[in-house]
Amino acid sequence: MASVPTSDIPLFSSVASYREWRRKAYDATQSVGFVATMGALHEGHASLVRRSLAENDLTVVSIFVNPAQFAPHEDLATYPRTLPHDLEVLSLLKVQTTSGVHSPSAVFVPSVYDMYPSGISQNPAEQKGTFVEVKGFGHQMEGTTRPTFFRGVATVVTKLFNVIEPTRTYFGQKDIQQALLLRRMVRDLLLSHPTPENLHIVPTARDPTSSLALSSRNTYLTPAEREHAAPTLYAALNAGRDAWAAGLRKAECIQRARELVQGKTNVLGPDGIEVKLDYIEMNDADSFEVVPENESRTSWEAEVAGRPVLLSGAMWVGKTRLIDNIILGNEASLGVLRP
Ligand SMILES: Nc1ncnc2c1ncn2[C@@H]1O[C@H](COP(=O)(O)OP(=O)(O)OP(=O)(O)O)[C@@H](O)[C@H]1O
Ligand SMILES: CC(C)(CO)[C@@H](O)C(=O)[O-]
Ligand code: BAL
């Protein structure tokens, strides 16, 4: 890293310096909450950090734009990097607890070399070294369009967990497949920091007016795209949810959602605002398998009582790819915390 801004919160830019700090936390038997981010912090990230502040003695936030999860054609080079802003956001976060006021304790901002000592090519065919793959769970939903994404995420999060050694960790529902896949990874790898029960999912923070899911990539949107087009994805998911609640077959629910997006595409196209659906799908929250076309809420509940369905989607607005999801059924059974 070229230069690291100064901050009131201790900033660790190497694995060795962080580990020294972490060892002291062990000595003092303090719990460590962890929030992994790629920076460009917004209120969604803040909601994760606040949870951690409320539930742990210490809270660590990592900021690392992970090359391994970007495909060669994706936006690694242009992904927003706003470290001074991020540190300011973090320094303003405070939560009152029974043991006093908690604020972020440390920020981990490693270099690419620190995280990938064997080097990292963005081209998966050229990659060498150690990677983590959660087989059978990374090819559906987001994995359909981003086939190497979850391998990149699982790899970097394993490394981050190895370094940070969190007692508890917090991921956002906005990236629901990521959070559930990581919990499975933690279980499969028998990790103790965190344990699967200590990987918590925090509800999606939304724009209070438009209900657009907050996302670092929203900064790519023009004001017109943000106002008129971006909220369409959540509206479409809600149309799908309503149809499911009314007892329609899955195929019809998805059709309703798609029609809503198509309507917007037709209306906004002449104004020069491009809206293009990538996918909307319903998947079993446990196996990630696609819900059969003929399934309805009643038949689903009769077959797999209590198991939620993930209604998720991705949509292009101009050059920006947005994702969102709604959980149909018992969110609490997935360990999603209450808002
Ligand atoms: N709106 C949100 N509500 C709750 N959690 C969120 C929200 N947006 C992001 N997160 C969570 O914050 C963590 C870090 O995410 P990340 O830094 O990639 O931000 P992002 O806004 O998701 O960025 P991107 O635009 O790349 O998707 C992840 O666990 C992610 O799910
Ligand atoms: C979990 C994560 C920080 C790994 O790079 C990233 O995928 C994200 O920000 O959601
Ligand atoms: N929050 C997901 C990170 C990514 O899209 O790369």
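Small disclaimer: the values here were computed from a predicted structure and weren't measured.

Draft legend 1. Main features of the sheet that holds strand β8 (residues 199-202). The parallel open sheet is built from 6 strands, whose spatial order is β1-β6-β3-β2-β7-β8. The open sheet is flanked by β1 (11-12) and β8, the only strands paired with a single partner. Of the pairings in the sheet, the one linking strand β2 (residues 32-37) to strand β7 (residues 168-172) comprises 3 bridges and is parallel in character. Residue pairing for β7: V35 is matched across the bridge by Y170.

Draft legend 2. Up close: the packing of helix α6 (residues 149-164) against helix α7 (residues 176-188). At a closest axis distance of 11 Å, the pairing of α6 and α7 adopts a crossing angle of 55 degrees. The orientation of α6 relative to α7 falls into the category oblique. Handedness of the crossing formed by α6 with α7: right-handed. Residues F150, V153, A154 and V157 of α6 lie in contact with α7, whose contacting residues are Q178, L181, L182 and M185. For the contact of α6 with α7, the residue count by class is 7 nonpolar, 1 polar and no charged.

Draft legend 3. Examining the pairing of strand β11 (residues 320-328) more closely. Counting buried positions over the 9 residues of β11 gives 8, a clear majority of the element. Across 9 bridges, the pairing between strand β10 (residues 309-317) and β11 is antiparallel. If you follow L311 over to β11, its bridge partner there is I326. As consecutive antiparallel partners, β10 and β11 are separated by 2 residues, and within that stretch G318 has a phi angle of approximately 60 degrees, a positive value.

Draft legend 4. Focus on the domain arrangement of the protein. The domain boundaries assigned to the protein delineate domain 1 (11-202) and domain 2 (216-334). Between domain 1 and domain 2, the contact holds 14 residues from the first and 16 residues from the second. Where the side of domain 1 that touches domain 2 is concerned, the elements lending two or more residues are α5 (142-145) and α7. Of the residues forming the side of domain 1 that touches domain 2, the biggest block, 3 residues, is contributed by α5. Looking at the side of domain 1 that touches domain 2 residue by residue, the classes come out as 8 nonpolar, 4 polar and 2 charged.

Draft legend 5. Summary view of helix α10 (residues 250-268). The end-to-end C-alpha distance of α10, which contains 19 residues, comes to 27 Å, matching closely the 27 Å that a straight helix rising 1.5 Å per residue would cover. Taken as a whole, α10 has its buried residues at K250, C253, I254, A257, L260, V261 and K264. Seen along its axis, α10 keeps its buried residues to an arc of 120 degrees; they face one direction. Turned more than 90 degrees away from the buried face of α10 sit E259 and N266, all of them exposed.

Draft legend 6. Molecular detail of the site of ligand 1. What surrounds ligand 1 is a group of 18 residues, the closest being G44, G172, L214, S216 and R217. If you list the elements that add at least two residues to the shell around ligand 1, you get α2 (43-55) and β7. Of all the elements, α2 adds the most residues to the shell around ligand 1, at 4 residues. Tallied by class, residues from the shell around ligand 1 come to 7 nonpolar, 8 polar and 3 charged.

Draft legend 7. The arrangement of the sheet that holds β11 in detail. Judged by pairing direction, the sheet is antiparallel, and its 3 strands sit side by side in the order β9-β10-β11 without closing on themselves. Pairing within the sheet leaves two strands with one partner each, and these edge strands are β9 (275-284) and β11. Across the sheet, the axes of successive neighbouring strands diverge by a mean angle of 15 degrees, strand direction being ignored. Contacts from helix α9 (residues 232-245) reach β9, β10 and β11 within the one sheet, and its direction differs from that of β11 by about 25 degrees.

The rules we used
- Residues numbered from 1 in each chain as written.
- Chains lettered and ligands numbered in written order.
- Predicted model: local features only at pLDDT ≥ 70, side-chain atom pairs only at ≥ 80, totals over all residues.
- Pairing = 2+ DSSP bridges.
- Helix = DSSP H or I, 4+ residues; strand = E, 2+ residues; numbered from the N terminus.
- Axes fitted to C-alpha atoms, helices over the stretch in contact; angles between N-to-C directions.
- Parallel < 35°, antiparallel > 145°, perpendicular 65-115°, else oblique.
- Left-handed = near helix turned anticlockwise from the far one by under 90°.
- Contact = placed C-beta atoms within 7 Å.
- Nonpolar A, V, L, I, M, F, W, Y, C, P; charged D, E, K, R; others polar.
- Buried ≥ 20, exposed ≤ 12 C-beta atoms within 10 Å, placed from the backbone.
- Domains from an automatic or database assignment.
- Expected span 1.5 Å × (residues − 1).
- Arc of directions from axis to C-beta.
- Near = placed C-beta within 6 Å.

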